[in-house]
2 protein chains.
Amino acid sequence: MAIQNMQEAFVHELKDIYYAEKQIVKALPKMAKKAQNQELRAAFQEHLEQSKEHIQRIEQVFEALGKTPRGEKCEGINGIIEEGEKLLEEQVDESVRDAMLIGAAQRVEHYEIAVYGTLCTWAEMMDLDGLDLLKEILAEEKETDKKLTKLAKEVINVEATVEAEE
Amino acid sequence: MAIQNMQEAFVHELKDIYYAEKQIVKALPKMAKKAQNQELRAAFQEHLEQSKEHIQRIEQVFEALGKTPRGEKCEGINGIIEEGEKLLEEQVDESVRDAMLIGAAQRVEHYEIAVYGTLCTWAEMMDLDGLDLLKEILAEEKETDKKLTKLAKEVINVEATVEAEE
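Residues numbered from 1 in each chain as written. Chains lettered and ligands numbered in written order. Predicted model: local features only at pLDDT ≥ 70, side-chain atom pairs only at ≥ 80, totals over all residues. Heavy atoms only, no water.

**Q** Could you give an account of the relation of the copies chain B and chain A, with specific residues and numbers?
**A** Its rotation angle being 180°, the transformation that places chain B on chain A also includes 0.0 Å of axial translation and leaves an RMSD of 0.0 Å. One copy is carried onto the other by what is essentially a two-fold rotation axis. Considering only C-alpha atoms, the part of chain B nearest the rotation axis is Gly79(B), at 2.3 Å. (Least-squares fit on C-alpha atoms with pLDDT ≥ 70 in both.)

**Q** Explain helix α3 (residues 75-89) of chain B to me, using residue names and the numbers behind them.
**A** If you check α3(B), its first and last C-alpha atoms are 21 Å apart, about what 15 residues at 1.5 Å a residue would give, namely 21 Å. Burial analysis of α3(B) places eleven of its 15 residues in the buried class, which makes it a mostly covered element. Residues of α3(B) that are buried: Glu75(B), Gly76(B), Ile77(B), Asn78(B), Gly79(B), Ile80(B), Ile81(B), Glu83(B), Gly84(B), Leu87(B) and Leu88(B). Contact partners of the buried residues in α3(B): α1 (6-34), α3 (75-89) and α4 (94-126) of chain A together with α1 (6-34) and α4 (94-126) of chain B. (Helix = DSSP H or I, 4+ residues; strand = E, 2+ residues; numbered from the N terminus. Expected span 1.5 Å × (residues − 1). Buried < 20%, exposed > 50% of the residue type's maximum accessible area, 1.4 Å probe, protein only. Contact = heavy atoms within 4.5 Å.)

**Q** Could you give an account of the packing of α4(A) against helix α5 (residues 131-155) of chain A, naming the residues involved and the relevant values?
**A** All names here are of chain A. At a minimum axis distance of 9 Å, the contact between α4 and α5 shows a crossing angle of 160°. The angle between the axes of α4 and α5 places the two elements in the roughly antiparallel class. Note that α4 runs across α5; the crossing there is left-handed. Partitioned by chemical class, the residues of the contact of α4 with α5 number 16 nonpolar, five polar and eight charged. (Axes fitted to C-alpha atoms, helices over the stretch in contact; angles between N-to-C directions. Parallel < 35°, antiparallel > 145°, perpendicular 65-115°, else oblique. Left-handed = near helix turned anticlockwise from the far one by under 90°. Nonpolar A, V, L, I, M, F, W, Y, C, P; charged D, E, K, R; others polar.)

**Q** Residue-level account of the environment of Val92(A), with values.
**A** Structurally, Val92(A) is set in the loop between α3 and α4. In sequence terms Val92(A) and Asp129(A) are 37 residues apart; their C-alpha atoms lie 46 Å from each other.

**Q** A description of the environment of Leu87(B) should follow, citing residues and the corresponding values.
**A** Residue and element names in this part refer to chain B. Among the secondary structure elements, Leu87 is positioned in helix α3. When the C-alpha atoms of Leu87 and Met100 are compared, they prove to be 8.0 Å apart, with 13 residues separating the residues in sequence. Not counting the four nearest positions on each side in its chain, Leu87 is found in contact with Val92, Met100, Leu101 and Ala104.

**Q** So what about the pattern of salt bridges? Which residues, and what values?
**A** Counted according to the given criterion, the structure contains 22 salt bridges over all chains. With a shortest N-O distance of 3.0 Å, Glu46(A) and Lys147(A) are connected by a salt bridge. Placement of the pair is Glu46(A) in helix α2 (residues 38-64) and Lys147(A) in helix α5, with a sequence separation of 101 residues. For Glu46(A), a relative accessible area of 46% puts it in the partly exposed group. Looking at Lys147(A), the relative accessible area reads 35%, which means it is partly exposed. Within the structure, one salt-bridge network assembled from shared partners comprises Glu13(A), Asp16(A), Glu83(B) and Arg107(B). (Salt bridge = Lys/Arg side-chain N within 4 Å of Asp/Glu carboxyl O.)

**Q** Please provide a residue-by-residue account of the packing of aromatic side chains, values included.
**A** Residues and elements named next belong to chain A. A complete count under the given rule lists two aromatic pairs over all chains for this structure. Relative to Phe62, the ring of Tyr18 has its centre 5.5 Å away and its plane inclined at 75°; by these criteria the two rings are edge-to-face. Here Tyr18 is found in helix α1, whereas its partner Phe62 is found in helix α2, with 44 residues between them in sequence. A single burial state applies to Tyr18 and to Phe62, both of which are buried. (Phe/Tyr/Trp six-rings, centres within 6.5 Å; stacked < 30°, edge-to-face > 60°.)

**Q** I'd like a rundown of the state of the cysteines, residues and numbers included.
**A** What the rule picks out here adds up to zero disulfides over all chains. Of all cysteine sulfurs in the structure, the one in Cys74(A) sits closest to Cys74(B), which takes part in no disulfide; the separation is 17 Å. Classification of Cys74(B) as buried rests on a relative accessible area of 2%. Unpaired in terms of disulfides, Cys120(B) finds its nearest cysteine sulfur in Cys74(B), a separation of 17 Å. Classification of Cys120(B) as buried rests on a relative accessible area of 6%. (Disulfide = S-S within 2.5 Å.)

Given below as structure tokens:
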């Protein structure tokens, strides 16, 4: 049997997010390159550095459990990133690309918020050592999501909107 | 060119979530069937009914824009659902299955929260008629996510945890 108890379930989720963070680190430079707005580009670059730190912190959580850090392929993040990359390949007018990039990035953020949320709830219930590290990461992901919403309001090209209404 | 202005981008996102809600309506009965905890099963069934209502409200938003409701395949939700279904097929001990089901369901919720969040931000910026309907749905998705976190704390089998610690 693959997963027999809550601690094994926890390690399964940890492997999932470890894999996801590594995929995100690969995807973010492509997103930053496509962003036109300077602030948005900087936000993607900042989140790239943050994601690299998250990987190190997840490794610490693995170690606290006496486990070797290992990722496990997850279809969820792969699908979300695939959707975002398809968008980058599609012919999207420059006036709306940044807004759509933010939409794609917020899907990634919310995937992370869901998994870190699950890990925090479980770690709390099981009184695990990694809880503080996981709480810190979760807070940072929520912060990034808020920042992206704020940026969305700034990058939306009102003229492109007006044109559509005519 | 596929997407030329913000209104077209908005319709693109609306098609994405219309497709996603329909996939969720197909997936939820399987999740409810697998749930052992009565409250969790009821929560999945309740969310199924709610998702059907969301589909109707999205149709109203399409109509308000003078568009025919249509879905567009999105890899994001497909990946998340595939991951959840793979989990249901895996040999997971009964003592942890409900907790893992909730983890899978919260990934779905957060995908929806991300997309409805984007739609609300854009609708607000563009002063679109569907904003109130979208805000209602977003609030309900956030409520479901909170309810699932609460249920996670109830369904976690403490004995299964203790066993793992020994």
